[in-house]
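# Observations on the model geometry
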Amino acid sequence: MAKRVLVVDDEKLIVKGIRFSLEQEGMEVSAAYDGEEALTMARENEYDIILLDIMLPKLNGLEVCQQIREFSNVPIVMLTAKGEDMDKILGLEYGADDYITKPFNILEVKARIKAIMRRTNGKQAKEEQSNIIKARDLRLDCDSRRVFIGEKEVNLTAKEFDVLQLLINNPNKVYSRENLLNIVWGYEYPGDVRTVDVHIRRLREKIEPNPSDPKYVQTKWGVGYYFQG
């Protein structure tokens, strides 16, 4: 079945180039040219991945990403003309899975998309045999990728879920930030370890009663992070 991709950029030549290249790979490509149109299409259709420019009319890419994360864990790759590290981290904070800086090489875009899809497909295959994981009042349903605190559902991004699932499956095992980056994001991921810190902080804000004094995801100072079993 063809992979469905939504490309969101107000520069039509960029969209045309990406569309042509991805369709050569057998993917089904849809396009949106402003933030509001992108949000509507993401609500009404199911996509395997979304390429999302930051600088958009009506709603910017970060706002679109944040709102999509309220109802979907579809992988999102931010396209940005800004090269500053904090802009990239900010994009990831809003729930993006990856970023590509303009001007980009279309081969890099295709490689990044394929890498994310491989990881996503791999996780789905493993999850067919997975079950419910419980730790105190925290519960992970690995089949539906849903998380509950007591009876209340907590909405995690795809990467936040991946980090939590890895840690909870290996209680008390300390993972360095580099290990987490390689395992969850993949060896080909070009970002740095601050990405991990951002995701851990946001994960704590969602699952911990007191994020500044966590009872689940602990820090081993100078080493990394672990789940307290």
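You'll find the structure just up there.
Fair warning: this is a prediction, and the values are worked out from it, not measured in the lab.

### A closer look at the overall build of the protein
- Secondary structure summary: the protein contains eight helices and 11 strands in total.
- Across the 229 residues of the protein, 50% fall into the buried class.
- Carbon and sulfur atoms form 49% of the exposed surface of the protein, whose accessible area is close to 11,500 Å².

### Remarks on the side chain of Asp9
- Of note, Asp9 is situated in the loop between strand E1 (4–8) and helix H1 (12–24).
- A polar atom in the side chain of Asp9 sits 2.8 Å from the side chain of Lys102.
- Non-local contacts of Asp9, meaning those with residues more than four positions away in its chain, are made with Ile14, Val15, Ala32, Tyr33, Asp53, Leu56, Leu79 and Lys102.

### Points about the nonpolar core
- Counting 28 residues, the largest nonpolar core has Leu138, Leu164, Ile207, Val217 and Phe227 as its most contacted members.
- Elements that contribute at least two residues to this core include exactly strand E6 (132–135), strand E7 (138–141), helix H6 (158–169), helix H7 (177–185), helix H8 (194–207) and strand E11 (224–227).
- Here this core takes six residues from H6, the largest share from any one element.
- Val8, Ala32, Met41 and Met78 belong to the second largest nonpolar core, which has 22 residues in total.

### Examining the packing of aromatic side chains
- What the rule picks out here adds up to one aromatic pair.
- Ring geometry for Tyr216 and Phe227: centres 5.8 Å apart, planes at 15°, overall stacked. Residue Tyr216 is located in the loop between H8 and strand E10 (217–220), and its partner Phe227 is located in strand E11; the two are separated by 11 residues in the primary sequence. By the burial criterion, Tyr216 is buried, and Phe227 matches it.
- The ring of Phe148 carries Arg139 above its face, with NZ or CZ at 4.3 Å from the centroid.

### Considering unusual backbone geometry
- Between Lys102 and the following residue, Pro103, the backbone shows a cis peptide bond with an omega angle of -5°.
- As for its placement among the helices and strands, Pro103 is situated in the loop between strand E5 (98–101) and helix H5 (106–127).
- If you check the backbone angles, Lys58 has positive phi at about 75° while not being a glycine.
- Take Lys58: its relative accessible area is 60%, and that puts it in the exposed class.

### So, the sheet that holds E7
- Spatially, four strands are ordered E6-E7-E8-E9 in an open sheet, and the strand pairing comes out antiparallel. Edge positions in the sheet fall to E6 and strand E9 (152–154), since each has one partner strand and no second. Each adjacent strand pair in this sheet contributes to an overall mean axis angle of 25°, direction not counted.
- Pairing analysis gives four bridges linking E7 to strand E8 (residues 146–149), with the strands arranged antiparallel.

### Considering the packing of helix H2 (residues 35–44) against helix H3 (residues 61–68)
- Two elements in contact, H2 and H3, have axes separated by 9 Å at closest approach and are oriented at 20°. What the angle tells us is that H2 and H3 run roughly parallel. The two elements H2 and H3 meet at a crossing, and its hand is right-handed. Contact residues: Gly35, Ala38, Leu39, Ala42 and Arg43 in H2; Val64, Gln67 and Ile68 in H3.
- For the contact of H2 with H3, the per-class residue count stands at five nonpolar, two polar and one charged.

### Points about H7
- Three or more residues of H7 are buried, namely Leu180, Leu181, Val184 and Trp185. Along the axis of H7, the buried positions cluster into a sector of 100°, meaning they face one direction only.
- The positive-phi residue at the C-terminal boundary of H7 is Gly186, with phi of around 100°.

Parameters at a glance
Residues numbered from 1 in each chain as written. Predicted model: local features only at pLDDT ≥ 70, side-chain atom pairs only at ≥ 80, totals over all residues. Heavy atoms only, no water. Helix = DSSP H or I, 4+ residues; strand = E, 2+ residues; numbered from the N terminus. Buried < 20%, exposed > 50% of the residue type's maximum accessible area, 1.4 Å probe, protein only. Areas by Shrake-Rupley, 256 points an atom, 1.4 Å probe, with all protein chains shown as cover. Polar contact = N/O pair within 3.5 Å; in protein donor to acceptor, adjacent residues only side chain to side chain. Contact = heavy atoms within 4.5 Å. Core = buried A, V, L, I, M, F, W, Y, C linked by side-chain atoms within 4.5 Å. Phe/Tyr/Trp six-rings, centres within 6.5 Å; stacked < 30°, edge-to-face > 60°. Lys NZ or Arg CZ within 6 Å of the ring centre and 35° of its normal. Pairing = 2+ DSSP bridges. Axes fitted to C-alpha atoms, helices over the stretch in contact; angles between N-to-C directions. Parallel < 35°, antiparallel > 145°, perpendicular 65-115°, else oblique. Left-handed = near helix turned anticlockwise from the far one by under 90°. Nonpolar A, V, L, I, M, F, W, Y, C, P; charged D, E, K, R; others polar. Arc of directions from axis to C-beta.

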